[in-house]
Number of protein chains: 2
Amino acid sequence: MKNPEIKIVGAGLLGTSLGLALARQSVVATLEDQSKANLRLAIEYGAGVESGPEPDLVIVCVPPDLTADVVIEQLQKHPAATVTDVASVKSKVAQDVALALPDHAHRYIGSHPMAGREKGGPSAARADLFFARPWIITASKDSSPEAIELIRDVALRLGALPVELSATEHDEAVAMVSHLPQLVASLLANRLNLGTAEQLGLAGQGLRDTSRIAASDPELWVQIISQNSHSISPLLAMLQSDLDQLAESVAQIDQAGSLAKIHALLQGGNSGVARIPGKHGGKSSNYQVVTVVIEDAPGALASLLTFIGEIGVNLEDLNLEHSPGAPIGLVELQVLPELATKLSDQLVSNGWRLV
Amino acid sequence: MKNPEIKIVGAGLLGTSLGLALARQSVVATLEDQSKANLRLAIEYGAGVESGPEPDLVIVCVPPDLTADVVIEQLQKHPAATVTDVASVKSKVAQDVALALPDHAHRYIGSHPMAGREKGGPSAARADLFFARPWIITASKDSSPEAIELIRDVALRLGALPVELSATEHDEAVAMVSHLPQLVASLLANRLNLGTAEQLGLAGQGLRDTSRIAASDPELWVQIISQNSHSISPLLAMLQSDLDQLAESVAQIDQAGSLAKIHALLQGGNSGVARIPGKHGGKSSNYQVVTVVIEDAPGALASLLTFIGEIGVNLEDLNLEHSPGAPIGLVELQVLPELATKLSDQLVSNGWRLV
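Residues numbered from 1 in each chain as written. Chains lettered and ligands numbered in written order. Predicted model: local features only at pLDDT ≥ 70, side-chain atom pairs only at ≥ 80, totals over all residues.

Student: Which parts of the structure should I look at to understand the overall build of chain A?
Tutor: Looking only at helices and strands, chain A has 13 helices and eleven strands in total. Structurally, chain A occupies a C-alpha span of about 65 × 60 × 40 Å along its principal axes. For chain A, the proportion of its 355 residues judged to be buried stands at 48%. Taking the contacts inside chain A whose residues are at least 6 apart along the sequence as the reference set, 68% of them involve residues at least 24 apart. (Helix = DSSP H or I, 4+ residues; strand = E, 2+ residues; numbered from the N terminus. Buried ≥ 20, exposed ≤ 12 C-beta atoms within 10 Å, placed from the backbone. Contact = placed C-beta atoms within 7 Å.)

Student: Mind showing me how you'd approach the relation of the copies chain B and chain A here?
Tutor: Both copies of the chain are related by a screw-like operation: a rotation about an axis and a shift along it. Mapping chain B onto chain A is achieved by rotating through 180° and translating by 0.0 Å along the same axis, at an RMSD of 0.1 Å. The transformation relating the two chain copies, once decomposed into turn and shift, fits a two-fold axis. Distance from the rotation axis, computed per C-alpha, reaches its smallest value in chain B at B:Thr210: 2.0 Å. A shared interface surface links the copies, since 99% of the contact residues of chain B are contact residues in chain A too. (Least-squares fit on C-alpha atoms with pLDDT ≥ 70 in both.)

Student: Which parts of the structure should I look at to understand the interface of chain B and chain A?
Tutor: Quite often, the size of an interface is put as the accessible area lost when its parts meet. Listed per partner, the contact involves 108 residues of chain B and 107 residues of chain A. Mapped onto the side of chain B that touches chain A, the elements with two or more residues apiece are helix H6 (167-191), helix H7 (197-200), helix H8 (205-211), helix H9 (218-227), helix H10 (229-251), helix H11 (258-274), helix H12 (300-310) and strand S9 (317-322) of chain B. Among the residues making up the side of chain B that touches chain A, the classes are represented as 62 nonpolar, 34 polar and twelve charged. (Nonpolar A, V, L, I, M, F, W, Y, C, P; charged D, E, K, R; others polar.)

Student: Would you mind showing me how to read the sheet that holds strand S3 (residues 57-60) of chain B here?
Tutor: Note: strands within a sheet are paired through backbone hydrogen bonds, in either parallel or antiparallel orientation. All names here are of chain B. Strands sit in the order S2-S1-S3-S4 across an open sheet of four strands; the sheet is parallel. Here the strands that pair on one side only, and so sit at the sheet edges, are strand S2 (30-32) and strand S4 (82-85). Strand after strand, the sheet turns through a mean of 20° between neighbouring axes, direction not considered. Taken together, the four bridges between S3 and S4 define a ladder with parallel strand orientation. For Ile59, the partnering residue across the bridge sits in S4 and is Thr84. (Pairing = 2+ DSSP bridges. Axes fitted to C-alpha atoms, helices over the stretch in contact; angles between N-to-C directions.)

Student: Please explain the nonpolar core as it appears in this structure.
Tutor: Where a protein is soluble and globular, its nonpolar side chains tend to be buried together. In terms of nonpolar packing, the biggest core is built from 183 residues, with A:Val71 and B:Val71 touching the most fellow members. With near-sequence residues (within four places) excluded, A:Val71 lies in contact with A:Val60, A:Val83, A:Asp85, A:Val93, A:Val97 and A:Tyr108. In this structure, A:Val290, A:Val292, B:Leu301 and B:Leu305 belong to the second largest nonpolar core, which totals 35 residues. (Core = buried A, V, L, I, M, F, W, Y, C linked by C-beta atoms within 7 Å.)

Student: Just checking my understanding: could you explain the environment of B:Gln227 for this structure?
Tutor: Residue and element names in this part refer to chain B. Relative to the assigned elements, Gln227 resides in helix H9. Owing to 24 C-beta atoms within 10 Å, Gln227 belongs among the buried residues under this scheme. C-alpha of Gln227 to C-alpha of Gly268: the two residues are 41 residues apart in sequence and 29 Å apart in space. Not counting the four nearest positions on each side in its chain, Gln227 is found in contact with Pro64, Val89 and Lys92.

Student: Before we go on, may I ask you to explain the domain arrangement of chain A in this structure?
Tutor: Under the domain assignment used here, chain A contains domain 1 (6-166), domain 2 (171-274) and domain 3 (284-354). One C-alpha centre belongs to domain 2 of chain A, the other to domain 3 of chain A; they are set 34 Å apart. (Domains from an automatic or database assignment.)

Student: What's the story with helix H13 (residues 337-349) of chain A in this structure? I'm lost.
Tutor: Side chains that are three or four residues apart share a direction in an α-helix, a result of its 3.6 residues per turn. In this model, H13(A) (13 residues) spans 19 Å end to end at C-alpha, consistent with the 18 Å of a helix rising 1.5 Å per residue. Once H13(A) ends, the next one or two residues include A:Gly351, with phi positive near 90°. (Expected span 1.5 Å × (residues − 1).)

Student: Would you mind showing me how to read unusual backbone geometry here?
Tutor: Negative phi is the rule for most residues except glycine; trans is the rule for most peptide bonds. Residues and elements named next belong to chain A. In this structure, Ser26 takes a positive phi of about 60° despite not being glycine. Relative to the helices and strands, Ser26 resides in the loop between helix H1 (13-24) and strand S2 (30-32). The exposure class assigned to Ser26 is exposed, which follows from the 8 C-beta atoms found within 10 Å.

Student: I'm lost on helix H3 (residues 64-77) of chain A in this one. Help?
Tutor: With 14 residues, H3(A) should reach 20 Å at 1.5 Å per residue; the first-to-last C-alpha distance of 20 Å fits that figure. For H3(A), the secondary structure elements touched by its buried residues are strand S1 (6-9), strand S3 (57-60), strand S4 (82-85), helix H4 (91-100) and helix H9 (218-227) of chain A.

Student: Even after reading the chapter, I still don't get the environment of B:Ala132, so can you show me in this structure?
Tutor: Checked against the element boundaries, B:Ala132 lands in the loop between strand S5 (110-113) and strand S6 (134-138). For the pair B:Ala132 and B:Gly204, spaced 72 residues apart in the sequence, the C-alpha separation amounts to 31 Å.

Student: Please clarify how the packing of H6(B) against H10(B) should be interpreted in this entry.
Tutor: The description of two packed helices rests on the angle between their axes and on the distance between the axes. Residue and element names in this part refer to chain B. Remark: H6 packs on H10, axes separated minimally by 9 Å, with the N-to-C direction vectors making an angle of 55°. Comparing their axes, H10 and H6 come out oblique. Of the two elements, H6 crosses H10, and the hand of that crossing is right-handed. Along its contact with H6, which presents Asp171, Glu172, Ala175, Met176, His179 and Leu180, the element H10 presents Ser231, Ile232 and Leu235. Looking at side-chain class alone, the contact of H6 with H10 contains five nonpolar, two polar and two charged residues. (Parallel < 35°, antiparallel > 145°, perpendicular 65-115°, else oblique. Left-handed = near helix turned anticlockwise from the far one by under 90°.)

Student: Would you mind going over the environment of B:Ala87 with me for this structure?
Tutor: All names here are of chain B. One can find Ala87 in the loop between S4 and helix H4 (91-100). The buried category is assigned to Ala87, around which 25 C-beta atoms lie within 10 Å. For Ala87 and Ala189, which are 102 residues apart along the polypeptide, the C-alpha to C-alpha distance reads 26 Å. The contacts of Ala87, once residues within four sequence positions are left out, are Pro64, Thr67 and Val93.

Student: Whenever I open this one, the sheet that holds S2(A) confuses me. Can you help?
Tutor: All names here are of chain A. With respect to topology, four strands assemble into an open sheet ordered S2-S1-S3-S4, the strand pairing being parallel. Of all the strands in the sheet, the pair left with one neighbour each is S2 and S4. On average, adjacent strands in this sheet sit at an angle of 20° to one another, irrespective of strand direction.

Student: Mind showing me how you'd approach the pairing of S6(B) here?
Tutor: As a general feature of sheets, a regular strand has side chains that alternate between the two faces. Residues and elements named next belong to chain B. Summarising burial for S6: five of the five residues are buried, a large majority. Neither face of S6 is exposed, since Pro134, Ile136 and Thr138 on one face and Trp135 and Ile137 on the opposite face are all buried. Pairing geometry for S5 and S6, over four bridges, is antiparallel. Pairing of Ser111 across the sheet is with Ile137, part of S6. Taken together, the four bridges between S6 and strand S7 (residues 161-164) define a ladder with parallel strand orientation. If you follow Ile137 over to S7, its bridge partner there is Glu164.

Right, dumping it as structure tokens:
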């Protein structure tokens with residue numbers, strides 16, 4: 001397939017990252033942004049150029065609230081082009097487009113590359129942002145097959161993994177795996193405003209992990225939640241019911257049945273979390289952990305990893321844990337189970353300290 | 001101070017880890033456990049011996065529900081010893097002990113080393129478990145100063161950081177930074193039981209982090225929540241009130257004021273999470289991130305870190321992100337801000353690929 005002509009509208013994190021990723025594939029995109037500063041920055045980074053030929057594909061990368069209007073505008077402006085977007089809610093945009101331009105809706109196909117960062121703007125852009133991430137394509141029965149193929153082709157060029165879902169299926173899935181966790185993290189973190197500095201000083205990794213995404217951009221998330229409220233609302237209602245029962249059991253802890261109800265919820269949490277596939281698509285418990293103590297000094301980790309490279313063991317994951325104020329660090333090495341004994345034995349017999 | 005004679009009751013994760021850590025400091029503890037298998041395993045690991053001299057300090061490391069009874073038993077058995085425990089709720093045990101043995105309560109001082117693992121049992125024990133972790137000591141006005149000093153001494157020998165709090169202060173603090181996050185993660189993960197495999201296949205790092213601790217042991221947690229219900233209950237009530245308001249706003253998204261309420265909650269989450277101190281006790285945003293692309297092959301990470309060691313840059317943290325099924329990995333290096341430019345420049349000019 002010859003290189004498609006691509007226009008990107010919106011030079012923020014996603015638009016600029018797309019431009020950079022396309023440039024690596026020798027596709028020079030045309031960029032457009034209302035903000036002259038964003039546009040210039042994205043062009044200086046090498047994400048594309050300011051004007052180009054009539055596009056085969058327009059990718060709209062503006063905030064969710066503006067997406068439908070900009071998609072409609074681009075469908076009108078480029079009557080032969082396929083138009084897609086990257087917003088994280090899909091039904092609302094599709095409805096708005098179908099209503100405004102029923103005769104052109106076959107040229108609009110929503111997509112959602114499941115990639116992002118906590119930071120925004122062109123300066124946060126990364127050419128690898130889409131690499132190995134799902135790229136959901138929400139075609140409908142009216143969509144032109146050529147248009148779908150064009151978007152699949154672009155996703156594959158950028159190393160993303162195309163997944164086809166209906167807009168409704170998409171919105172329900174992200175309500176559960178993305179929007180609900182965001183709201184739960186925000187609800188938890190909001191409670192921390194009541195804590196004293198001394199209390200928060202006792203925070204461990206559990207609280208840090210559970211609340212991390214509460215640092216996300218409120219403006220962006222209000223738009224996402226507002227557009228997907230009908231998928232999120234039933235999940236929140238079930239969460240309310242679970243929380244009401246939990247709160248009642250905890251408040252009346254001596255009442256018969258309270259402990260069993262709390263236990264059932266905790267066990268439900270066990271089984272729910274076990275259903276999340278691991279990093280490599282397998283179960284998260286597929287790897288074995290070998291923990292090594294190293295000095296907290298330049299080169300210490302390197303010499304450990306040089307040794308591991310020399311004995312030919314490939315690491316699946318690595319986690320470095322500093323001991324605050326201490327001259328050592330703990331390195332958690334995750335390896336395939338069949339390699340764990342070899343790794344441990346060779347480390348120990350070469351003087352490394354395991355825990 | 002001469003080496004104290006120490007007896008550990010309960011050879012599970014914490015008791016065995018304590019024994020191993022003491023052994024490194026040339027203190028041979030006496031171990032006791034109802035389970036002969038646990039006891040033998042802990043002794044074979046080198047965590048202590050089966051019988052020894054009359055103890056100066058007894059450390060009770062049994063499940064929370066049994067802690068008070070075992071503390072009382074040990075106070076009676078060893079009339080000259082100081083007795084402490086490691087349970088994660090403190091007021092209930094102290095009350096039970098004061099009620100049963102009012103004349104001996106000055107010899108019982110609760111403590112809570114804030115260390116643990118998702119796995120339990122003697123085989124999961126680590127000598128470094130307490131290293132650089134807060135070790136909370138919950139003395140009361142009746143506590144003997146010598147007894148407090150003895151526990152501080154042991155905590156310091158193991159590399160832990162002693163913190164003195166009242167039992168109530170402790171229980172309120174852990175309700176917020178440990179028990180509430182546990183319940184919130186379980187509530188979220190419990191909802192995942194309704195998701196399809198296809199939906200959960202779209203899970204990203206946000207959901208993984210937010211739900212990770214939902215994998216914790218329900219039996220242990222029922223005991224913890226039951227003993228600290230009076231501190232947890234008010235937090236759950238506030239969470240209910242936040243969730244009710246959020247659920248109503250999302251269900252009636254078009255009603256005036258809904259978006260502002262959702263925005264306020266998200267913003268509250270931003271400010272709450274910003275209050276958690278970073279790994280080294282500073283703000284979590286104190287480090288700058290430099291991300292490098294490496295091959296997913298033995299030795300690739302090592303050669304990167306060898307290079308970083310050679311240019312003398314000390315890493316504050318390191319996160320390895322695999323791209324599933326892809327031959328590359330992303331390495332996020334966290335360094336002091338003043339070193340970030342040096343590191344980036346030297347990496348790039350030596351052919352490393354940054355993103």
